[in-house]
Amino acid sequence: MLRRPLQDADLLRQQALFNGQWQGAISGETLPVIDPSSGEVIATIPALGAGETEQAIAFAERVRADWGKTPNAQRALLLEKWHQLIVAHADDLAIIMTAEQGKPLAEAKGEVLYGASFVKWFAEEARRIYGDTLPAPEQGRRILVLKQPVGVAAAITPWNFPIAMITRKVAPAVAAGCPIIVKPSELTPLSALALAVLAERAGFPAGVLQVLTGLPTAIGQTLTASRIVRKISFTGSTRVGQWLMEHSADSIKRLSLELGGNAPLIVFDDADIELAVAGVMMSKFRNAGQTCVCANRILVQRGIMPKFTARLLQEVSQLRVGDGFDASSMLGPLINAAAREKVNRHIADALNHGAELLYGGISEDNGTFARPTVLSGVTTAMRIAHEETFGPVAPLFMFDHEDEAIAMANDTPYGLGAYFFTEDLRRAWRVGEALEFGMVGFNTGSISFDVAPFGGIKLSGIGREGSHYGIDEYLALKTFHFGSL
């Protein structure tokens, strides 16, 4: 039971959508959906497995050819209707998200609108799937390059952005002409189901979007083993991404993998301190630090460290942690107690290795709320330097020279996002090109928009989402040769 009523109660679904209908598991088994703020069960969802996944795959294959032949403009219109419905129901979708994920209600609504922006963007991109005409090497020959749907696709999405991570994958698939099966996190499935309700209302044909709920192992194994499923898009841990890549090898699937991060944020001594602190607050504490691109390591040049630290502490001390439905809350809970314990372990390890606690500290109760924390004197000998904390902890590292900062920033097997602040334009080019990351923010703590490609390198994954590059992940190139002309 949600603690805040919905204007449209039909958006709260407790059945999965597959094989053309809303239904439960063959076994009748269910899983609870828990409000991380209160610990209360707010809904139950079907615990689907291999059998239901096979049904969904077969149904997607039945509609694949017709959906792929649907005119691009028609697919665009359906996406535009979906976008309009998401925006119209933004308040209800935010309530569902806050109930199951915990983030403050205003932040949840911001995510809903952010997620809707991808639907709008790819509705427009559906009309711009262009091919090429290539100069032929001989007379009487013509060469065309066509872009066609890659086939049945699957998306496996995380709990930290339960709407945006779905729309960023589903919208380009639908625009390209691919039916798609979504496996949302079992921790936050209600947002995905609500999106599916709105997709039905928008007129999506049955089977174009299916949503499977349950634990990931059986569903994931069935998706990767299937030769009908030609594409998998996944956002989550590097470990799971490696597993998906390994188990997709037999069928040579197309993969988009947005995996773990260890983002550095560098503040040079000529930086605008107000701008840099604002960037840290945006990058580090959004969603209580539970983002793949949040600043995990804050590198500050020695000469500016005292002034920067004092200003950062002023801002962090204003943060209020609480229930996402409390209008005064700025940080909600972490997703579960295990996440809070990981944050505590990172803080404890840093303190045991000589870091200084400037604000916050270990959260000692048994709940899911974590205290916003600032640590100074952090070094590469500490776990927080190498592991993604996924919580509201700002560790401050000190450096002396530009080359040292770049080396420290790149000293990670991950390469998703990075940030740096300086007023020197020459330095901006040097540092921006030297950082080994898929996305770099210069004088900003925000690097995710519908118009820009999102993704990483190294152990942070392959492929890109968003922008005009994002739709190519769901399209296959066909070279069409005309002879004897």
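Provided above is the structure to which this section pertains.
The model shown is predicted, which means the values in this text are computed figures rather than measured ones. The written sequence of each chain sets the order in which its residues are numbered from 1. Restriction of local features to residues with pLDDT of at least 70 applies here, the model being predicted, together with a cutoff of 80 or more for giving and counting side-chain atom pairs; totals for whole chains, interfaces and linings are based on all residues. Note that the side-chain values use all heavy atoms of the structure and ignore hydrogens as well as water.

**A closer look at the overall build of the protein**
Part 1: Helices and strands together make up the secondary structure of the protein, namely 14 helices and 22 strands.
Part 2: It is over C-alpha atoms that the radius of gyration is taken, and the globule rule equals 2.2 Å times the number of residues to the power 0.38. For a compact globule of 485 residues, the expected C-alpha radius of gyration is about 23 Å, and the protein comes in at 23 Å, within 12% of that figure.
Part 3: C-alpha extents for the protein along the principal axes are approximately 70 × 65 × 40 Å.
Part 4: For the exposure calls, accessible area comes from a 1.4 Å probe over protein chains only, and a residue counts as buried if that area is under 20% of its type's maximum, exposed if over 50%, partly exposed in between. Out of the 485 residues belonging to the protein, those deemed buried represent 57%.
Part 5: Taking all contacts inside the protein whose residues are at least 6 apart in sequence as the whole, residues at least 24 apart take part in 72%.
Part 6: For the purpose of counting charges, residues Lys and Arg are taken to be positive, whereas Asp and Glu are taken to be negative. His and the chain ends are not included. Charge positions are represented by NZ for Lys, CZ for Arg, CG for Asp and CD for Glu. Between the mean site of the 44 positive side-chain charges and the mean site of the 51 negative ones, the protein shows a separation of 6 Å. By definition, any uninterrupted DSSP run of H or I lasting at least four residues is a helix, any uninterrupted run of E lasting at least two residues is a strand, and each is numbered from the N terminus. Contacts are residue-level and defined by heavy atoms, with any inter-residue pair within 4.5 Å sufficient.

**Considering the packing of helix α2 (residues 72-88) against helix α5 (residues 164-176)**
Part 1: The geometry of α2 relative to α5 is characterised by a closest axis approach of 8 Å and an angle of 155° between their N-to-C directions. With respect to α5, the axis of α2 lies roughly antiparallel. For α2 against α5, the interelement crossing comes out right-handed. Counted together, R75, L79, W82 and I86 of α2 and T167, V170, A171, V174, A175 and A176 of α5 form the full contact between these two elements.
Part 2: For this classification, Asp, Glu, Lys and Arg are treated as charged, while Ala, Val, Leu, Ile, Met, Phe, Trp, Tyr, Cys and Pro are nonpolar and the rest, including Gly, are polar. Residues that form the contact of α2 with α5 fall into these classes: 8 nonpolar, 1 polar and 1 charged. Simply put, an axis is a line fit to the C-alpha atoms, just over the touching stretch for a helix, and the angle between two N-to-C directions goes from 0 to 180 degrees. Each angle receives one of four descriptions, namely roughly parallel if under 35 degrees, roughly antiparallel if over 145, roughly perpendicular if within 65 to 115, and oblique otherwise. Note on convention: near helix rotated counterclockwise from far helix by under a right angle means a left-handed crossing. Clockwise means right-handed.

**Observations regarding the pairing of strand β7 (residues 152-156)**
Part 1: Among the 5 residues that make up β7, 5 are buried, leaving the element largely enclosed by the rest of the structure.
Part 2: Across the two faces of β7 the burial is the same, with V152, A154 and I156 and A153 and A155 all buried.
Part 3: Paired strands are those between which DSSP finds at least two bridges. Judged from the 5 bridges that link them, β7 and strand β10 (residues 229-235) form a sheet pairing that is parallel. Bridge assignment links A155 to a residue of β10, and that residue is S233.

**Focus on the pattern of salt bridges**
Part 1: By convention in these notes, a salt bridge is any Lys or Arg side-chain nitrogen within 4 Å of a carboxyl oxygen on Asp or Glu. Evaluated as defined, the whole model comprises 29 salt bridges.
Part 2: Between D400 and R302 there is a salt bridge; the shortest N-O distance is 2.6 Å. Note that D400 is positioned in the loop between β16 (393-399) and α12 (402-410) and R302 in the loop between β13 (295-301) and α10 (305-316), a separation of 98 residues in sequence.
Part 3: Ionic contacts of the salt-bridge type, sharing partners, join the residues D8, D10, R13 and R201 into one network.

**Thoughts on the packing of aromatic side chains**
Aromatic ring pairs are described here by two measures, namely the spacing of the ring centres and the angle between the planes.
Part 1: Between rings of Phe, Tyr and Trp, where Trp is taken as its six-membered ring, a pair exists when centres lie within 6.5 Å; planes separated by under 30 degrees are stacked, by over 60 edge-to-face, and by other angles tilted. Enumeration over the complete set of coordinates arrives at 6 aromatic pairs.
Part 2: Both rings, one in Y114 and one in F118, keep their centres 5.1 Å apart while their planes meet at 80°; by these two values the pair is edge-to-face. Remark: F118 and Y114 occur in helix α4 (residues 105-125); sequence separation between them is 4 residues, near one turn of the helix. Comparing Y114 with F118, the two get one shared label, buried.
Part 3: Note on criteria: charge over ring means Lys NZ or Arg CZ within 6 Å of the ring centre, with the direction from the centre no more than 35 degrees off the ring normal. The aromatic ring of Y474 is capped on one face by K231, whose charged end is 5.0 Å from the ring centroid.
Part 4: A cation sits over an aromatic face here: R286 above Y114, 6.0 Å from the ring centre.

**Considerations on the environment of A381**
Part 1: Looking at the secondary structure, you find A381 in the loop between β15 (373-376) and β16.
Part 2: The exposure class of A381 is exposed, given its relative accessible area of 55%.

**Side note on the nonpolar core**
Part 1: Residues L79, W82, I86, F204 and L209 are the most contacted members of the largest nonpolar core, which totals 70 residues.
Part 2: Apart from the residues within four sequence positions on either side, L79 is in contact with V119, F122, A123, A171, V174, A175 and F204.
Part 3: The term nonpolar core refers to a set of buried residues drawn from Ala, Val, Leu, Ile, Met, Phe, Trp, Tyr and Cys, joined through side-chain atoms within 4.5 Å. Residues V378, F399, F420 and A428 belong to the second largest nonpolar core, which totals 32 residues.

**Focus: the side chain of N160**
Part 1: The residue N160 is located in the loop between β7 and α5 in this model.
Part 2: A relative accessible area of 6% means that N160 is categorised as buried.
Part 3: Dropping the residues within four chain positions of it, N160 is found in contact with Q101, K103, E111, N287, Q290, T291, C292 and F390.

**Looking at α10**
Part 1: Taking 1.5 Å per residue, 12 residues should reach 16 Å; α10 reaches 16 Å between its end C-alpha atoms and fits that length.
Part 2: For α10, every residue scored as buried is listed here: M305, F308, T309, R311, L312 and V316.
Part 3: On its buried face, α10 sits against β12 (263-267), α9 (273-285), β13, β14 (356-359), β15 and β16. How far a helix is expected to stretch is found by multiplying one less than its residue total by 1.5 Å.

**A few points about the sheet that holds strand β22 (residues 475-482)**
Part 1: Taking strand neighbours across the sheet as the criterion, the 3 strands line up as β5-β6-β22 in an open arrangement whose pairing is antiparallel. Edge strands, defined here as strands with exactly one partner in the open sheet, are β5 (132-134) and β22. Looking at each pair of strands side by side, their axes are set apart by 25° on average, direction ignored.
Part 2: Relative to β22, strand β6 (residues 142-149) runs antiparallel, the two sharing 8 bridges.

**Focus on the state of the cysteines**
Part 1: Throughout, disulfides are identified as pairs of cysteine sulfur atoms within 2.5 Å of each other. Throughout the structure, instances matching the rule amount to 0 disulfides.
Part 2: Lacking any disulfide linkage, C292 is separated from the closest cysteine sulfur, that of C294, by 8.5 Å.
Part 3: Under the relative-accessibility criterion, C292 is labelled buried at 13%.

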